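Close look at the chain arrangement
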Amino acid sequence: MKNGIHPENYRLVVFKDMSNDEMFLCKSTAETKDTIEYEGETYPLIKMEISSTSHPFYTGKVKLVDTAGRVDKFMNKYKKFAK
């Protein structure tokens, strides 16, 4: 590896999966203003929409998200073209 190309400001950060409230602690250089108390200590907090604890590929659970009936609206619009 080349010297001097990697960041020096690694620190412990809590990553929180907002879809299932799972949290894990690891080192990161990501910037954030949010903090959280985790295992008795205060750490910077990075909020994520999805992680390996909630992603269907890792969990094996398929979840269909239908916002405001968009699938039904699509099916009704194009059912006249069905054979």
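Just so we're clear, the structure is a prediction, and the values are computed from it rather than from any experiment.

Tracing the chain through its elements places aspartate 17 in strand S1 (residues 11-17). Exposure remark for aspartate 17: the relative accessible area of 0% places this residue in the buried category. Polar side-chain contacts of aspartate 17 include one of 2.7 Å to the side chain of serine 19. Only 3.4 Å separates the side chain of aspartate 17 from the side chain of threonine 53, close enough to count as a polar contact.

If you walk across this open sheet you meet the 4 strands as S2-S1-S4-S3, and the pairing is mixed. Among the strands making up the open sheet, the edge pair consists of strand S2 (23-28) and strand S3 (35-38). Averaged over all neighbouring strand pairs, the angle between strand axes comes to 50 degrees, with direction disregarded. Pairing of S3 with strand S4 (residues 41-48) involves 4 bridges; the strand directions are antiparallel. Bridge pairing links glutamate 37 to threonine 42 in S4.

Below, the discussion takes up a nonpolar patch on the surface. On the surface, a nonpolar cluster with roughly 540 Å² of combined accessible area is contributed by Val71, Phe74, Met75, Tyr78 and Phe81. Locating valine 71 in the fold gives a position in helix H2 (residues 70-78).

When the charged atoms of two side chains with opposite charge come close together, those side chains can pair. On inspection of all chains with the given rule, the structure shows 2 salt bridges. Linking lysine 16 and aspartate 21 is a salt bridge whose minimum nitrogen-to-oxygen distance equals 4.0 Å. A relative accessible area of 18% means that lysine 16 is categorised as buried. As a salt-bridge pair, aspartate 34 and lysine 47 come within 4.0 Å of each other at their nearest N and O atoms. Remark: lysine 47 occurs in strand S4 and aspartate 34 occurs in the loop between S2 and S3; sequence separation between them is 13 residues.

Cut-off values and rules
All chains use their own residue numbering, which begins from 1 and follows the written sequence. Whole-chain, interface and lining totals are the exception, using all residues; otherwise, since this is a predicted model, local features are given only for residues with pLDDT of at least 70 and side-chain atom pairs are given and counted only at 80 or more. Computation of side-chain values covers all heavy atoms of the structure but excludes hydrogens and water. Note on conventions: DSSP H or I runs of at least 4 residues are helices, E runs of at least 2 residues are strands, and numbering of each starts at the N terminus. In this scheme, a residue with accessible area under 20% of its type's maximum is buried, one over 50% is exposed, and one in between is partly exposed, where area comes from a 1.4 Å probe on protein chains only. Polar contact criterion, stated in full: a pair of N or O atoms within 3.5 Å, where within protein one must be able to donate a hydrogen and the other to accept it, and residues adjacent in sequence count only if both atoms are side-chain atoms. Note on pairing: two strands pair once DSSP finds at least 2 bridges between them. Angles here are taken between N-to-C directions and fall from 0 to 180 degrees, while the axes themselves are lines fitted to C-alpha atoms, restricted in helices to the stretch in contact. Grouping into patches uses exposed residues only, defined as over 30% relative accessible area, and leaves out salt-bridged ones; the cut-off is 9 Å for like charges and 5 Å for nonpolar side chains (Val, Leu, Ile, Met, Phe, Trp, Tyr). Note on areas: Shrake-Rupley with a 1.4 Å probe; residue coverage comes only from the protein chains shown. Salt bridge, as used here, is a side-chain nitrogen of Lys or Arg placed within 4 Å of a carboxyl oxygen of Asp or Glu.

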